[in-house]
Amino acid sequence: MSSLSSLSSFIVNPHRFVFTTEHCLYLACFALALALRLHHLGAHPLTDAEARAALPAYRLLRGGVEADPAAAERRSRSTPSGDSPAYFSFAYLSFLLFDASDATARLAPALFGSALVFLPLFFGDQLGRGGALFAAGLLAVSSGLMAASRSADGAVIALFGLGFGLGALRRYLAATRHGDAATRHGDAATRHGDAAATWQGDAATRHGDAAATWQGDAATRHGGAAATRQGDAATRHGGAAATRQGDAAATWLVASGVFFGLGLASGAPFLTGALVVALTAFAAAWISPDERAAIREAWACLRRQARTFLVALGLTALIVSTAASMDRLGLGALGASWVGWLRGWAALPQAWPLPQAWAALPQAWPAAGRSPGTVFTFLLVYEPLLVVFGVIGAARAFLNGHRLAQRLAWFSLAALGFATLYSGRTLFDVIWVVLPLAALAGWSLAEIIGNAWEREEWPLVAAQVGVIAALFIFSGLNLAALAEQARVSPDFSQGSLSLSGFSIPVSRLSYLYLAVVALGLVFVVSYLFGMGWSPRAARLGLTLGCSAALLFMNLAAGWGVTRLRANDPAELWWERPTADGLRHLMLVLRNTSNYATGHEHDIQVTVQAPPDGALAWALRAFAHAAFVETLGANVDSPVVITPIDESQPPEAHGEAGPQLGSSYVGQSFPLRYALRAAPAPNPSAWADQLGWFMFRRAPAGSAQAERVILWVRQDVQQLQTATGR
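Residues numbered from 1 in each chain as written. Predicted model: local features only at pLDDT ≥ 70, side-chain atom pairs only at ≥ 80, totals over all residues. Heavy atoms only, no water.

### Focus: the overall build of the protein
This is how the line gets drawn: Starting at the N terminus, helices and strands are each numbered in turn, a helix being any DSSP run of H or I of at least four residues and a strand any DSSP run of E of at least two. Exposure categories follow from relative accessible area, calculated using a 1.4 Å probe and restricted to protein chains: below 20% of the type maximum is buried, above 50% is exposed, and the middle band is partly exposed. We call two residues in contact whenever any of their non-hydrogen atoms come within 4.5 Å of each other. Here the Shrake-Rupley method, with its probe set to 1.4 Å, supplies the accessible areas, and only the displayed protein chains count as covering residues.
Per the secondary structure count, the protein includes 28 helices and seven strands. A buried classification covers 47% of the 725 residues belonging to the protein. Within the protein, residue pairs in contact and separated by at least 24 positions form 81% of the contacts whose partners lie at least 6 positions apart. When the accessible area of the protein is evaluated, it comes to approximately 34,400 Å², of which 64% is carbon and sulfur surface.

Okay, here's the thing in structure tokens:
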């Protein structure tokens, strides 16, 4: 019995649930996903986009319901893909339970992202038990899903709602078909019992004499009673089975509506997923007549219970969107996020006339969001394991005629096409590509390993995997050495090779040649193992060795983008990550407030910044913080925070302070980081690209910090000096 079948039995009859080793493995995957997503969740400050998403929930919790007309407009652009009422509701609950912090602002996406490992359970009958387990493990270690789950955004919640909604809907359709089959079986058994009774009675009547008639009457009664009992038992059995299947179908239908309602309340990302699902269904139906028939059957089955489904969906969406009626702006923000998603198809100024807008579309299309090249680069560099074996799984699906795997392949292609054509794309869109690729990669790995696993060949496979691992390590070390030498000088003709204490002058391309040769030897060694011993063991060793190397690259990339370099602009996930210097600024500000007022958050602060960015989130506990667009001579608060005007020379930022009503002294802090665009093609670009690939190192001089200055009024500063603190 599969894990989901036992779960279905538990839903109908909890006493029949059996906890198996398979359940333990899924729980282990869930624990791994939780550890990767919750570890140091608040180690880095929220970005501007994350702060815009978290601040409305915090202000509602503190009783500051935004009543101004601009509140909905600010919330509609809160996250990279628009406002997410679902994220708002769960962030509100998280702040209510655990207080507001950088970690609790990201807690809900982390939990929903961790729960995605259970999604393959719904498709275990098609992926196979091994394929579903492999897919769950790949979802746990995916770099894209880790980064999205550790961000204060509603995209992961939308992915969770749509994925589990489709899985529950699929189980509903299966339970409905089984219930109909059970009903037909019971009817057939009843008809069989009636026919048996009639036949036995007719046979007895044909004896003709009185004794035979007496015996015939007895036989008629006996046969009729037996056949009646048989028919009644069959009817009861079929009716009970049909009832159980009907109860399970009703449960799955309601669950599907709840999941879809949760996804719908997530805002614009759900529209992306729904569009990709529609494109997938269209492609599958266009190619296969069987798919068209299956879609028509599913639609007819869903229409019979459409009211139950729509009620569950609507109530869930309403409750989640309004935070159980606590957030009156929720529905408006949800509609605004949908409108913003539609505008994202052509992000042009609204005041332009249509002909001018159409003429400017080619220039505006690539610049409206992240570039398509960034999306492809992220998939290839951060998800190599999923891409390589996902492509292998897609090829095997079309060669073997595996229907579910073919749908997953179409889904990934549709999601990749959306990320390419949608002008308002963000890197959060890659999660719609990663999910089906993980399922395809898990299925293909299970098929390859399961068909070639023989106990007597384990030593041979282990030896081959060891050789392949050594070759991959050797190749990586050569590429790393080349990247380090190219950082000093990109000249190919100069270089040296250290061997046994001797330095041999060689071209730096030798490192590249050695790395390529080592990678080629991986396949040569596998071929020799197959020719000399067992082709099946050689295929298994090649699969395990390559998957281990790609898994290491996947984990290293995910660890770097979520922990080691989460606020480094060389990482692709955030274009302008918030600097850790913001926390240093807050430490100085709290100390100043404590010196001046006796409390860490009581000092009056005037901030020249938007009221919904990373700086506003950091100042959320300061009740006397005022955000202004410009500063004037009437400002004389004890503390003023201003941005640095990069257009002015550094000496213009001096210690004279802004032109305010008092004298101030200041100190600058980095607020966020960004990368400068290259002004012209760089002859040494290959060295920069290799350095980025190996070490995520930005080109020299390309990283810049946006800084702010913390100004403290001189009398407050003198007070700190006088107290000796």
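### A look at the packing of helix H13 (residues 268-287) against helix H14 (residues 289-304)
As a reminder, the rule being used: Note on method: axes are straight lines fitted to C-alpha atoms, helices fitted across the in-contact stretch only, with angles between N-to-C directions ranging 0 to 180 degrees. Orientation categories follow fixed angle ranges, with anything under 35 degrees roughly parallel, anything over 145 roughly antiparallel, 65 to 115 roughly perpendicular, and all other angles oblique. Note on convention: near helix rotated counterclockwise from far helix by under a right angle means a left-handed crossing. Clockwise means right-handed.
Relative orientation of the contacting elements H13 and H14 amounts to 130 degrees, with a least axis distance of 5 Å. It follows that H13 is oblique to H14 by the angle criterion. The way H13 lies across H14 gives a crossing that is left-handed. Residues Ala281, Ala284, Ala285, Trp286 and Ile287 of H13 lie in contact with H14, whose contacting residues are Pro289, Glu291, Arg292 and Ile295.

### Structural notes on the sheet that holds strand S6 (residues 664-675)
Definition in use: At least two bridges found by DSSP between two strands are what make those strands a pair.
Spatial strand order, S4-S3-S5-S7-S6: five strands in an open sheet with mixed pairing. Sheet topology places strand S4 (625-628) and S6 at the edges, where each strand pairs with a single neighbour. Looking at each pair of strands side by side, their axes are set apart by 20 degrees on average, direction ignored. Summarising the sheet, strand S5 (residues 639-643) and strand S7 (residues 703-713) pair through five bridges and their orientation is antiparallel. Residue pairing for S7: Pro643 is matched across the bridge by Val708. Strands strand S3 (605-608), S5, S6 and S7 of the sheet are contacted by helix H25 (residues 581-597), whose axis makes an angle of about 155 degrees with S6.

### Some points on unusual backbone geometry
Of note, Ala323 is a non-glycine position whose phi angle comes to about 50 degrees, a positive value. Take Ala323: it is sitting in the loop between helix H15 (306-321) and helix H16 (330-343). With a relative accessible area of 10%, Ala323 lands in the buried category. For Ser325, which is not glycine, the phi dihedral falls at a positive 70 degrees. Position of Ser325 relative to the elements: it lies in the loop between H15 and H16.

### Quick notes on the packing of aromatic side chains
The condition is simple: Planes of paired rings set the category: under 30 degrees apart is stacked, over 60 is edge-to-face and the rest tilted, where pairs are Phe, Tyr or Trp rings (Trp by its six-membered ring) whose centres lie within 6.5 Å. A ring has a charge above it when a Lys NZ or an Arg CZ is no more than 6 Å from the ring centre and no more than 35 degrees off the ring normal.
On inspection of all chains with the given rule, the structure shows 24 aromatic pairs. Pairing Phe160 with Phe259 gives two aromatic rings, centres 5.9 Å apart and planes at 80 degrees, and the pair type is edge-to-face. Of this pair, Phe160 sits in helix H11 (residues 155-205) while Phe259 sits in helix H12 (residues 210-264), and the two are 99 residues apart along the sequence. On the accessibility criterion, Phe259 (19% relative accessible area) is buried. When the ring of Phe378 is compared with that of Tyr382, the centres are 4.4 Å apart and the planes differ by 10 degrees; the resulting orientation is stacked. Residue Phe378 and its partner Tyr382 are both found in helix H18 (residues 372-382); the two are separated by four residues, about one turn of the helix. With a relative accessible area of 0%, Phe378 lands in the buried category. The exposure class of Tyr382 is buried, given its relative accessible area of 0%. Among the aromatic residues, ring-to-ring pairing joins Phe90, Phe112, Phe122, Phe160, Phe164, Trp252 and Phe259 into one connected group. A cation over a ring is seen here: Arg620 above Trp617, with NZ or CZ 4.1 Å from the ring centre.

### With respect to the nonpolar core
Convention followed: Among buried residues, the Ala, Val, Leu, Ile, Met, Phe, Trp, Tyr and Cys ones that are joined through side-chain atoms within 4.5 Å form a nonpolar core.
Among the nonpolar cores identified, the biggest contains 114 residues, and Phe95, Trp573 and Trp617 are the most heavily contacted of them. Per-element tally for this core: the top contributor is H11, with 13 residues. Apart from the residues within four sequence positions on either side, Phe95 is in contact with Ala54, Ala57, Tyr58, Leu61, Ala100, Ser101, Thr104, Ala105 and Trp617. Ranked by size, the runner-up nonpolar core spans 21 residues in total, among them Ala609, Phe669, Val708 and Leu710.

### What about helix H27 (residues 685-695)?
Of the residues making up H27, those classed as buried are Ala687, Leu690, Gly691 and Trp692. On the buried face of H27, the contacting elements are H18 and helix H22 (458-488). The positive-phi residue at the C-terminal boundary of H27 is Arg696, with phi of around 50 degrees.

### Re the pattern of salt bridges
Between side chains of opposite charge, a pair can form when the charged atoms approach closely. Applicable threshold: Counted as salt bridges are all cases of a side-chain nitrogen of Lys or Arg within 4 Å of a carboxyl oxygen of Asp or Glu.
According to the stated counting rule, one finds 15 salt bridges in the structure shown. Between Glu50 and Arg106 there is a salt bridge, and its shortest N-O distance comes to 3.1 Å. Taken together, the residues span a long stretch of sequence, with Glu50 in helix H3 (residues 48-61) and Arg106 in the loop between helix H6 (102-105) and helix H7 (107-115) at a distance of 56 residues. For Arg106, a relative accessible area of 5% corresponds to the buried category. Across the pair Arg696 and Glu571 runs a salt bridge, and its minimum N-O distance is 4.0 Å. On the criterion of sequence distance, the pair formed by Arg696 in the loop between H27 and S7 and Glu571 in the loop between helix H24 (535-564) and H25 is long-range, its members being 125 residues apart. One network of salt bridges, in which partners are shared, links Asp48, Arg576, Arg672 and Glu706.

### Looking at a nonpolar patch on the surface
The line we're drawing: Surface patches are defined over residues having more than 30% relative accessible area and no salt bridge, joining like charges when they lie within 9 Å and nonpolar side chains (Val, Leu, Ile, Met, Phe, Trp, Tyr) when within 5 Å.
Together, Val517, Leu521, Val524, Tyr527, Leu528 and Met531 make up an exposed nonpolar region whose accessible area comes to about 600 Å². Within the secondary structure, Met531 sits in helix H23 (residues 509-532).

### A word on the pairing of S7
Pairing geometry for S6 and S7, over 11 bridges, is antiparallel. Bridging from a neighbouring strand, Ser668 pairs with Ile709 of S7.

### Looking at the confidence of the model for the protein
Basically, it comes down to this: Looking at any residue, its pLDDT shows the predictor's confidence there, from 0 to 100.
Chain-level pLDDT for the protein is 81 on average; 75% of the residues reach the 70-or-more range. Taking the mean pLDDT of every element in the protein, the minimum, 42, falls on helix H17 (residues 354-367) and the maximum, 97, on H7. A low-confidence stretch, residues 8-12 (pLDDT under 50), is modelled with nine contacts involving residues beyond four sequence positions or located in other chains. Ignoring residues within four places in sequence, the model shows residues 348-367, a span with pLDDT below 50, making 17 contacts including any to other chains.

### Here's the deal with helix H2 (residues 21-38)
Cut-off, in case you're wondering: To estimate how far a helix should reach, multiply one less than its number of residues by 1.5 Å.
Taking 1.5 Å per residue, 18 residues should reach 26 Å; H2 reaches 25 Å between its end C-alpha atoms and fits that length. Of the residues trailing H2, His40 is marked for its positive phi of about 50 degrees.

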